[in-house]
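Structural overview
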Amino acid sequence: MRILFFAHLRDVTGCAELELACGETDADGLWRQLLVAHPELARFRGSVRLAKNAEYAPPDARFGDADEVALIPPVSGG
Amino acid sequence: MHLEVRLTSDPIPAAWPVPAAARGAGAWIEFRGVVRGEENGQPIAALEYEAYAPMAEREMRRILDELAREHPCLAARVVHRVGLIPVGEAAIYVGVAGRHRAEALALLAAFMDRLKQDVPIWKRRALAAAALAGQPGTRPGGADFQTATARVFNPPTAVAAPEPRPSKVGGTAGGETCAPARAGMVPPAGSTSDRPASADEVRELVRSLCRPLEPERVPLPRALGRVLREPVRAPEDLPPFDRSAVDGFAVRLDDPAEQFQVVDEIRAGDWKPRSLHPGEAVRLATGGALPDDGLQVLLQEDTRLEGDRVMVLRRERARNIRFRGEDARAGGVLVEAGTVLGAGALGLLASAGCAEALVSRVPRAVHLVTGNEIVPPEQAPAPGQIRDSNSALVRGFLASWGVVPVQRRLPEDAAALATALEDPSLAETDLLLISGGASVGRHDFTRRALETAGFVILVSKTTARPGKPLIVAQRGATLAFGLPGNPLAHFVCLHLYVRAALEAWSGPAARNDFTLGTLAADLPAEAHDRETFWPARWQLAGGEVGLMPLHWRSSGDLTALAAANALLRLPAGAGTLGRGSRVEFLRTDLGP
């Protein structure tokens, strides 16, 4: 699956996107894999919302390898 | 409702035709959110916005559709600009057409609130006014975007994959991709961490590595001394009604009578509007709400009360009224973003109904004290041992920033330090301080342990004294300092370098810099070929800052520190300075 990073998360991870093969999983499983690739994301977990295919993912969402998942840190538009 | 929603990197036009779908509307309301000339108290030239474009557009449509059920409107047009937006230009345009103004205004207001909560658009960085003027070639998103001064060390840059593929993500340029493996940070290009760095270089490097930490909302008592991250506005006019500034009698301003009938009494907290007729007065306590417009409050001491009649002994022009909105108008900014919240600001926030303030998060800190010779303060040292003073020193220093470090004493043992550095909780630590010895062996021991644990060494020694064997290193979001073990070196390094990190994490308003003062006594010193930081005590005398240098013999000297509230900066080769000399100093008694 493709993971997208925005705003300061790009600085933290040093990249804008990441290809992750983790099979079908839930948010917890996804975070576990993400933190293996980027442990420095751990401190942002509490403030980040997950979006699946350009929509906020509900807490019970399942994620698959074909999905585009974005980490949405607190927004500041307007 | 007809919707027109998009992101653009082009300027938003100054005038725009009303959409056809708005025909029949009784109200067409336009709003432009404009980039202001300052961000967090600093003058800026531009702001850069970034968006997750497909989702941002979708989310804006979803919000508008949802709000239209509650506030039925005919049409809405929303355009959010992304990329670099100069001061004075609009970042967002919203037009709403409604049959009546009420629903159009309500929809607009609700939409802006929701946009700021849910739409994935970010203010990425501010371009300092000075940076734009001094660096015409500066690119948005470039590594040199944030600071104006030339830097010896470049900040770590992103690792690009060998074959970056074009990003499908909308928004700003610079969609770097990275390999699935951990990207991490690369050593700053061009930096040679073995070259000694000057104190200024280290401070500049630290500032460039630390951005303001994400904000959090905390109850007011916990917000003291922290940097406010959003402007707080007056929810209503302050004062919210015309109120008396004195104890006295309210009479009509145009009533020249010398005797009045007292028809009512109003104390603070009462709300008794009434029309006052000629010849009538209302007794008012300080803070009491005026019952009517066009009144004047006569001072109680300028009158004589006889039963329900009041005689005027003296009448001046002053109305003695604090008028509604005199302090602040509803919606006006009471406390700007970027303000360090003192007791007065907290009182103002409370008066405006802001019970929780959005402030920078407090950094998480870990302090490791290594050494075989140190024993806890409560233990009597055996011959050759000393009590651990650095734990108390570091804890006290961090306390003024509201930071409570996790502290551990470790034996001087590579395995023990390696284990401590592998602790998973360190991944969530912003600041890692390691107190070690000052000897070359001890210094190398700390450095090797950090390198083995995956830290990138950015500085391994300085040209300053004390504090020559300083280590600055980084792993992920953790910034580590290896502090030479002597207490005076600790004190200097904490105030010069660790403070720079705490300031940058809090926000620009927290910055404390060197300023000029006058020596209150001779400073006999041998000329030294290195820049020297000297503990001193500053005090105000006759309107001038007088600096009393404190006596110290070695960087292990603690007695000087007990009295120190400043550090003098003596340039390399300065030698003895006489009383009255002007020297630069940094206050060490300041919090944020």
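It should be emphasised that the depicted structure is a prediction, and the values quoted were computed from it without experimental measurement.

This brings us to the overall build of chain A. The helix and strand inventory of chain A stands at 2 helices and 7 strands. Expressed as a percentage of the 78 residues in chain A, the buried residues total 60%. Contacts in chain A between residues far apart in sequence, at least 24 positions, make up 49% of those at least 6 positions apart. In the form shown here, chain A has an accessible surface area of approximately 2,800 Å², with 51% of it arising from carbon and sulfur atoms.

In this section: the pairing of strand 29 (residues 478–483) of chain B. Residues and elements named next belong to chain B. Within strand 29, 6 of the 6 residues are buried, which leaves it mostly tucked inside the rest of the structure. Residues of strand 29 alternate between two faces, with Thr478, Ala480 and Gly482 on one and Leu479, Phe481 and Leu483 on the opposite face, all of them buried. Of the pairings in the sheet, the one linking strand 25 (residues 431–435) to strand 29 comprises 5 bridges and is parallel in character. By the bridge assignment, serine 435 is partnered in strand 29 with leucine 483. Pairing of strand 28 (residues 471–475) with strand 29, which is carried by 5 bridges, proceeds in the antiparallel orientation. Paired with glutamine 474 across the two strands is leucine 479, which belongs to strand 29. As consecutive antiparallel partners, strand 28 and strand 29 are separated by 2 residues, and within that stretch glycine 476 has a phi angle of approximately 55 degrees, a positive value.

Scanning the entire structure with this criterion turns up 44 salt bridges over all chains. Residue B:Arg124 pairs with A:Asp11 through a salt bridge whose shortest N-O separation is 3.2 Å. With B:Arg124 in strand 8 (residues 121–128) and A:Asp11 in helix 1 (residues 8–13), the pair connects residues from two separate chains. We note a salt bridge from B:Asp264 to B:Arg274, for which the minimum N-O separation is 3.7 Å. On the criterion of sequence distance, the pair formed by B:Asp264 in strand 13 (residues 259–266) and B:Arg274 in the loop between strand 13 and strand 14 (280–284) is long-range, its members being 10 residues apart.

Our next topic: the sheet that holds strand 2 (residues 17–19) of chain A. Adjacent strands of a sheet pair through backbone hydrogen bonds, lying either parallel or antiparallel. Residues and elements named next belong to chain A. In spatial order, the strands read 2-1-7-4-5; together these 5 strands make up an open sheet with mixed pairing. Looking at strand neighbours, the two that pair on one side only are strand 2 and strand 5 (55–56), the edges of this open sheet. As defined by bridge partners, strand 1 (residues 2–5) adjoins strand 2 across 3 bridges and the pair is classed as antiparallel. Bridging from a neighbouring strand, leucine 4 pairs with glutamate 17 of strand 2.

Moving on, we come to the confidence of the model for chain B. Interpretation of the predicted coordinates at a detailed level should be avoided for regions scoring low in pLDDT. Taken as a whole, chain B shows an average pLDDT of 83; of its residues, 87% reach a score of 70 or greater. Across residues 131–192 of chain B, confidence stays below pLDDT 50; counting only partners more than four residues off in sequence or on other chains, it has 114 contacts.

All right, on to the pairing of strand 25 of chain B then. Residues and elements named next belong to chain B. Of all 5 residues in strand 25, 5 are buried; the element is thus mostly enclosed. Because side chains alternate across strand 25, one face comprises the buried residues Leu431, Leu433 and Ser435, and the other comprises Leu432 and Ile434, equally buried. Across 5 bridges, the pairing between strand 21 (residues 365–370) and strand 25 is parallel. What sits directly across from histidine 367, in strand 25, is leucine 433.

A cis geometry characterises the amide bond from B:Leu238 onward to B:Pro239, with omega recorded as -10 degrees. Tracing the backbone through its elements, the reader meets B:Pro239 in the loop between strand 10 (232–233) and strand 11 (243–244). Across the junction of B:Arg465 and B:Pro466, the peptide omega takes the value -5 degrees, indicating a cis bond. Its place among the elements puts B:Pro466 in the loop between strand 27 (464–465) and strand 28. Located in the positive-phi region is A:Ala7, a residue other than glycine, with phi close to 50 degrees. Looking at the secondary structure, you find A:Ala7 in the loop between strand 1 and helix 1. Taking relative accessible area as the criterion, A:Ala7 reaches 4% and is therefore assigned buried. Backbone geometry places B:Asn320, a non-glycine residue, at a positive phi of 55 degrees. Following the sequence through the fold, B:Asn320 ends up in the loop between strand 17 (309–312) and strand 18 (321–322). For B:Asn320, a relative accessible area of 22% gives the class partly exposed.

Take the side chain of B:Thr446 next. Residue and element names in this part refer to chain B. With respect to the helices and strands, threonine 446 occurs in helix 9 (residues 440–452). A relative accessible area of 5% means that threonine 446 is categorised as buried. Setting aside anything within four residues of it in sequence, one finds threonine 446 in contact with Leu417, Ile434, Ile471 and Gly482.

All names here are of chain B. At leucine 494, helix 10 (residues 487–506) shows its largest bend, some 40 degrees. Of all 20 residues in helix 10, 20 are buried, a share of seventy percent or more. A positive phi of about 135 degrees marks glycine 507, the residue just after helix 10.

For helix 2 (residues 101–118) of chain B, which comprises 18 residues, the first-to-last C-alpha distance of 25 Å matches the rise-based estimate of 26 Å (1.5 Å per residue) to within 8%. The inward-facing, buried residues of helix 2 of chain B contact strand 4 (49–52) and strand 5 of chain A together with strand 2 (27–34), helix 1 (53–70), strand 5 (75–81) and strand 7 (90–98) of chain B.

Parameters at a glance
- Residues numbered from 1 in each chain as written.
- Chains lettered and ligands numbered in written order.
- Predicted model: local features only at pLDDT ≥ 70, side-chain atom pairs only at ≥ 80, totals over all residues.
- Heavy atoms only, no water.
- Helix = DSSP H or I, 4+ residues; strand = E, 2+ residues; numbered from the N terminus.
- Buried < 20%, exposed > 50% of the residue type's maximum accessible area, 1.4 Å probe, protein only.
- Contact = heavy atoms within 4.5 Å.
- Areas by Shrake-Rupley, 256 points an atom, 1.4 Å probe, with all protein chains shown as cover.
- Pairing = 2+ DSSP bridges.
- Salt bridge = Lys/Arg side-chain N within 4 Å of Asp/Glu carboxyl O.
- pLDDT = per-residue confidence, 0-100.
- Bend = angle between axes of the 7 residues up to and from the residue.
- Expected span 1.5 Å × (residues − 1).

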